[in-house]
Amino acid sequence: MSPPSSRRLASLDWMRGLVMVLMTLDHASGAFNAGRVAADGVSRWKVGSALPAEQFLTRWVTHLCAPTFVFLAGTALALSLHRRLAEGESPRGLDGFHLRRGLFIALLDPLWMSWILLAWGRWLLQVMYVLGVGTMCMVALRRLSARTLVGLGLLLIAGNEWISGVLTHGGSPSVPVALLFNVGYFEQNHFIIGYPLVPWLGMMCLGYAFGRRLLASRAGVARLLGASGVASLGLFLLVRGLNGYGNERLYREGDALLQWLHVSKYPPSLAYAALELGLMALLLAGFWWVQERWGEVKVLAPLRLLGQTALFFYLLHVHLLYGAAILLGVKKQLGLGATYGAAMAALGVLSVACAGYRRYKAAHPQGWTRYV
């Protein structure tokens, strides 16, 4: 399989850049916003509580980030692997590199992200954990066909709630169960598992299969994404409408729009995954259409910069936001105005750093930047 062009696809970078912007808003809210609503899991929600619209929607728009980040990580892995094999690297050598890089990324959560989000001596496993371990898993799973990967991905996403329920019997999960299927708060051990591997690995499998599709042919990609997005949103409406399995026990408490959107991210329910992957597919279809019609649009260059340096940006923006809030003595004490202002300031500052990093990475393609 040979893609029509070896250049990076602008549409993928734009999509990834957009979720970096939204992710910055979410972490700015975590750092500055006293009224932040983060009730996106049954363990975080008290039945009958209010959902303040402005606070809820500020959080809700950022739900797009993690599924897109993980999905596109799978896509990038497929494209990168194909390119490096075409350049003469050995499959065995690439497997070793991805195992090392996966381990490096997974360790970023306990060693780099935890101390700023929690405190020294407390450990948090979330998106870096699933990205890293997922990358390691793909060393074996990439041998599967694209069709098998799609089936496996859907099975992992849809079946996770059932497996978790069988293993926990309605009680609290053990550490192994939390690492794989459910969230876990082990305060006695100062240990929090926010992202279980299995459902997120399912999203990475879907992204890898999409990368295979891009390698086989880029014809009709916008139509494929559009149809997939509509089907995924249809599944969301069905699952949320039935209000039973697929909601991770975070049920809809009425017919108000916010109740329909109040889905479980911790752990990711089928309703959550269908909603966010559906929205991602429709947005990506739009970006793909723009790319085919107009090429690299200058007005979207800031998104492309962030998309090309996404991991570098991620590893800095949380520390910048939380560090600023702590130094100013206003951590979790302000409102939405400060949240949006802080997000814009962080984006401005880090865009300069990302531009410098992109130049350095282009000049040193075989150095440590391969890991970031």
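A quick note: this is a predicted structure, and the numbers were derived from the prediction, not measured.

Peer 1: For this particular structure, what's the right way to read the nonpolar core?
Peer 2: Core analysis: the largest hydrophobic core is formed by 116 residues, its most contacted members being Phe-69, Val-127, Met-128 and Met-138. With residues up to four places along the chain from it excluded, the contact list for Met-138 reads Leu-77, Leu-149, Leu-201, Met-204, Cys-205 and Tyr-208.

Peer 1: Please clarify how the pattern of salt bridges should be interpreted in this entry.
Peer 2: When their charged atoms lie close together, side chains carrying opposite charge are able to pair. Under the counting rule described, the total for this entry stands at 13 salt bridges. Among the ionic pairs, Asp-40 bridges to Arg-59, the shortest N-O distance being 2.7 Å. Here the residue Asp-40 occupies a position in the loop between helix H1 (10-32) and helix H2 (53-60), and Arg-59 occupies one in helix H2, the gap between them amounting to 19 residues. Judged by its relative accessible area of 6%, Arg-59 is buried.

Peer 1: I keep staring at empty space enclosed by the protein and nothing clicks. Help me out?
Peer 2: Which parts of space are left empty comes out when a probe the size of a water molecule is rolled across the atoms. Summed over the entire model, instances satisfying the criterion amount to three cavities of 30 Å³ or more. By volume, the largest cavity is sized at about 50 Å³. As for the largest cavity, its lining consists of Val-37, Ala-39, Asp-40, Phe-56, Arg-59, Trp-60, His-63, Leu-261, His-262 and Val-263. The greatest single-element share of the lining of the largest cavity, amounting to three residues, is contributed by H2. The residue inventory of the lining of the largest cavity, partitioned by class, reads six nonpolar, two polar and two charged.

Cut-offs used in this document
- Residues numbered from 1 in each chain as written.
- Predicted model: local features only at pLDDT ≥ 70, side-chain atom pairs only at ≥ 80, totals over all residues.
- Heavy atoms only, no water.
- Core = buried A, V, L, I, M, F, W, Y, C linked by side-chain atoms within 4.5 Å.
- Buried < 20%, exposed > 50% of the residue type's maximum accessible area, 1.4 Å probe, protein only.
- Contact = heavy atoms within 4.5 Å.
- Salt bridge = Lys/Arg side-chain N within 4 Å of Asp/Glu carboxyl O.
- Helix = DSSP H or I, 4+ residues; strand = E, 2+ residues; numbered from the N terminus.
- 1 Å grid on protein atoms, 1.4 Å probe; cavity = no way out; pocket = protein on both sides within 12 Å on 5 of 7 lines; lining within 4 Å.
- Points joined across faces, edges and corners; volume = space filled by probe spheres on them.
- Nonpolar A, V, L, I, M, F, W, Y, C, P; charged D, E, K, R; others polar.

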